[in-house]
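Residue strings, one per chain:
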Amino acid sequence: MAEKITAYRFDCLEQTLSQLNKEDCAIIAGGTDVMVLHKSRRGVPPKILKSVVFIDHLSELKQVNQNQKDLHIGACCTYSELLEHALIPVALKNAIKSIAAPAIRNRGTLGGNICNASPAGDTLPLLYVYNAKLRLRSVNGERIVAINDFIQGPRRVQRDPNEIVTEIILPSVLEEDAHVVFEKVGNRNADAIAKVGFAGYIRINDARIEDVRFAFGAVGPTMVRSLNIEKKLVGKTLPLADSDIAEIVADFDKIIRPIDDQRSTAVYRKIVALNLLRYFLSLKQYQTK
Amino acid sequence: MIKFTLNGRIVETDAPPTARLLDLIRDEFELIGTKEGCGEGECGACSVFVNNLLQNSCLIPIGAIAGADIQTIEGIMETEQFKLLDESYSNAGGVQCGYCIPGMIMASAALLSNNPHPTEAEIRDGISGNLCRCTGYNMIVDAINLAAKKGDGLWQKK
């Protein structure tokens, strides 16, 4: 173990940001993706070319709090911590329970899942339908960016080297009486990387659709969402007419362009994605909360 | 130098901070009960407790656990809980080749410590991160059920 590796583990966020301002580092939160990505032989540490900075212990990044009706989730909260937190909505908890397995949920973080920007990132379809925003901090201050602007492609995010994602903001999530569905299709219930991910969000007033959102994962370089298609359904009454459902499915058929890879095929992915959508649209009644 | 607690003993290492906890446990501290299966967090053979939480040691860079309390299968072998699991796994026929068993025991202990009377679905979720290629899992589920029944009062929430 001769190779010299520089790693930092500061006591507070300020020191961490100050180091990032001086040096471009690889940021490690839970490490559940980074350690696999850079894996080398047994007994040999992963090959990470930059200096490393550990952030998952920073208490500033582990807070969950409420601001008006918005939910603010610290980027380094693990899935298990979110499952135990009273403020996290039941729909989000149910989705988290279907992600990974206990050991990974004790280590993986929400911020890590976002910054890893995998096309199959488990939480991403859900965060897209929640209209999640991210707070980024650097020594120069902070900014807030929508998740769909932040994630630009596979493993590409709009983060400057001196910035850290500190918080995930779910706007209005604590007041909306929305029905949220999350589906993940994989080879195994636990720990599998998704072949298809789907999140659906619907808010109804007296059988009329007030707001509806869909996001698909693992069927394109980033999550697939379309505000134009969603808009077509606003104001319609449930149950939806078959022709309405067919139109929406046909619209998504045009914009979902999956690929073949080791986990699945383009054909399978598209059929499953559209079936999940059709099933979501065909439900007669939605339970909120 | 990274310092942490390993099975109750304070230890130090000068291994690089990105070294995997799994390699350190096996190669430097020669605790070989913890196994490497997939090395990618999908099989659970390398499960350990980090501050009492079940985690995959193949995914943990040791720099991230400075000051933490780590327990491996060797560290829990003297506990009543381990003895009960050992007996239950034997009685239920839950062990065949045995490679996954240290990880299975860690996952079983983690599950029962949080939830002393799990349903079958909760047991299956509790070991969902652990792969066994021999038993087909049913005997392992039986073993955990047995340990839950016999261990009344033993599995207090930590």
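Positions within a chain are numbered from 1, following the residues in the order the chain's sequence is written. Lettering of chains starts at A and numbering of ligands starts at 1, both following the order in which they are written. Owing to the predicted nature of the model, reporting of local features is limited to residues with pLDDT of at least 70; listing and counting of side-chain atom pairs is limited to 80 or more, with chain, interface and lining totals taken over all residues.

Focus: the overall build of chain B
Heads up, the rule is: Strands are runs of DSSP state E lasting at least two residues, helices are runs of H or I lasting at least four, and both sets are numbered from the N terminus onward. Both definitions apply: the radius of gyration is a C-alpha atom measure, and the globule rule equals 2.2 Å times residues to the power 0.38. Whether a residue is buried, exposed or partly exposed is read from the other C-beta atoms within 10 Å of its own C-beta, which are placed from the backbone; 20 or more gives buried, 12 or fewer gives exposed, and intermediate counts give partly exposed. Here the contact rule is simple: place C-beta atoms from the backbone, and any two residues whose C-beta atoms are within 7 Å are in contact.
In terms of regular secondary structure, chain B is built from six helices and five strands. Reading chain B from its N end, one meets helices and strands in the order β-β-α-β-β-β-α-α-α-α-α. For 158 residues, the compact-globule estimate of 2.2 N^0.38 gives 15 Å, and the C-alpha radius of gyration of chain B, at 15 Å, lies within 12% of that figure. Classification of the 158 residues of chain B by burial places 51% in the buried group. For chain B, the share of sequence-separated contacts (at least 6 apart) that also reach a separation of at least 24 residues comes to 63%.

Here's the deal with the overall build of chain A
Each helix and strand in chain A was counted, giving eleven helices and 13 strands. Compactness check: chain A gives a C-alpha radius of gyration of 20 Å against a globular reference of 19 Å for 289 residues, within 12% of the reference. A buried classification covers 44% of the 289 residues belonging to chain A. When contacts within chain A are restricted to residue pairs at least 6 apart in sequence, those whose partners lie at least 24 apart make up 65%.

Observations regarding unusual backbone geometry
The omega angle of the peptide bond from A:Leu238 to A:Pro239 is -5 degrees, so this bond is cis rather than trans. Although it is not a glycine, B:Asn51 sits at a positive phi angle of roughly 45 degrees. Among the residues examined, B:Asn51 registers 13 C-beta atoms within 10 Å and is labelled partly exposed. Despite not being glycine, B:Asn52 has its phi angle at roughly 70 degrees, a positive value. Among the secondary structure elements, B:Asn52 is positioned in the loop between strand 3 (47-50) and strand 4 (53-56).

Notes on the environment of A:Gly112
Residue and element names in this part refer to chain A. Structurally, Gly112 is set in helix 6 (residues 110-116). Separated by 158 residues in sequence, Gly112 and Lys270 have C-alpha atoms that sit 27 Å apart. Not counting the four nearest positions on each side in its chain, Gly112 is found in contact with Ala29, Gly30, Thr32 and Asp33.

Re the domain arrangement of chain B
Residue and element names in this part refer to chain B. Rules: How far each domain reaches was decided by an automatic or database domain assignment. When residues are sorted by character, Ala, Val, Leu, Ile, Met, Phe, Trp, Tyr, Cys and Pro go into the nonpolar class, Asp, Glu, Lys and Arg into the charged class, and all the rest, Gly among them, into the polar class.
Here chain B is described as being made up of domain 1 (2-76) and domain 2 (80-150). Computed from C-alpha atoms alone, the centre-to-centre distance between domain 1 and domain 2 is 21 Å. Each side of the interface is counted separately: domain 1 has 14 residues, and domain 2 has 13 residues. For the side of domain 1 that touches domain 2, the elements supplying multiple residues, two or more each, are strand 3 and helix 2 (73-76). Looking at the side of domain 1 that touches domain 2 element by element, the count peaks at three residues for strand 3. Taken together, the residues of the side of domain 1 that touches domain 2 break down into eight nonpolar, five polar and one charged.

Some remarks on helix 4 (residues 90-97) of chain A
An α-helical turn contains 3.6 residues, so a residue and the one three or four places further along point in the same direction. Residues and elements named next belong to chain A. As a reminder, the rule being used: Starting at the helix axis, one direction is taken to each C-beta atom, and the arc is that of these directions.
Of all the residues in helix 4, the buried ones are Ala91, Leu92, Ala95 and Ile96. Taken around the axis of helix 4, the buried residues stretch over an arc of 135 degrees, which confines them to a single face. In this structure, the buried residues of helix 4 make contact with helix 3 (79-84), helix 7 (124-129) and strand 11 (179-185).

A word on the pairing of strand 4 (residues 64-67) of chain A
All names here are of chain A. Threshold: We treat two strands as partners when DSSP finds at least two bridges between them.
The sheet contact formed by strand 4 and strand 5 (residues 70-74) spans four bridges and is antiparallel. Opposite Gln66, over in strand 5, you have Leu71 as the bridge partner. Linkage of strand 4 to strand 5, two consecutive antiparallel strands, is achieved through a turn of two residues, within which Gln68 is found at a positive phi near 55 degrees.

Section: the packing of helix 10 (residues 242-255) of chain A against helix 11 (residues 266-282) of chain A
All names here are of chain A. Heads up, the condition is: Angular values range over 0 to 180 degrees, each being the angle between N-to-C directions of two axes fitted as lines to C-alpha atoms, with helices fitted over their stretch in contact. Should an angle fall under 35 degrees it is called roughly parallel, over 145 degrees roughly antiparallel, and 65 to 115 degrees roughly perpendicular, with every other angle called oblique. Each crossing gets its handedness from the near helix: less than a right angle anticlockwise from the far helix is left-handed, clockwise is right-handed.
Two elements in contact, helix 10 and helix 11, have axes separated by 10 Å at closest approach and are oriented at 155 degrees. As judged from the angle between their axes, helix 10 and helix 11 are roughly antiparallel. In this structure, the crossing between helix 10 and helix 11 has a hand that is right-handed. For the pair helix 10 and helix 11, the contacting residues are Ile245, Ile248, Val249, Phe252 and Asp253 in the first and Leu274, Leu277, Arg278, Leu281 and Ser282 in the second. Grouping the amino acids of the contact of helix 10 with helix 11 by side-chain chemistry returns seven nonpolar, one polar and two charged.

Comments concerning the sheet that holds strand 3 of chain B
All names here are of chain B. With mixed pairing, the five strands of this open sheet are ordered in space as 2-1-5-3-4. On the outer flanks of this sheet lie strand 2 (9-13) and strand 4, each paired with one strand and no other. For this sheet, the mean angle separating the axes of adjacent strands, direction not counted, is 40 degrees. On top of the sheet, helix 4 (residues 101-114) reaches strand 3 and strand 4; it is set at about 40 degrees to strand 3, its chief contact.

Observations concerning the sheet that holds strand 4 of chain A
Residue and element names in this part refer to chain A. Spatially, the five strands line up as an open sheet ordered 4-5-10-6-7, and their pairing is antiparallel. Each end of this open sheet is capped by a strand with a single partner; those strands are strand 4 and strand 7 (141-146). Recorded for the sheet is a direction-independent mean angle of 25 degrees between the axes of neighbouring strands.

Here's the deal with the packing of helix 4 of chain B against helix 6 (residues 138-150) of chain B
Residues and elements named next belong to chain B. Between helix 4 and helix 6, the least distance of the axes is 11 Å, while the angle of their chain directions is 40 degrees. The angle between the axes of helix 4 and helix 6 places the two elements in the oblique class. The chirality of how helix 4 crosses helix 6 is right-handed. Every residue of helix 6 that contacts helix 4 at Met104, Ser108, Leu111 and Leu112 is listed here: Ile140, Ile144, Ala147 and Ala148.

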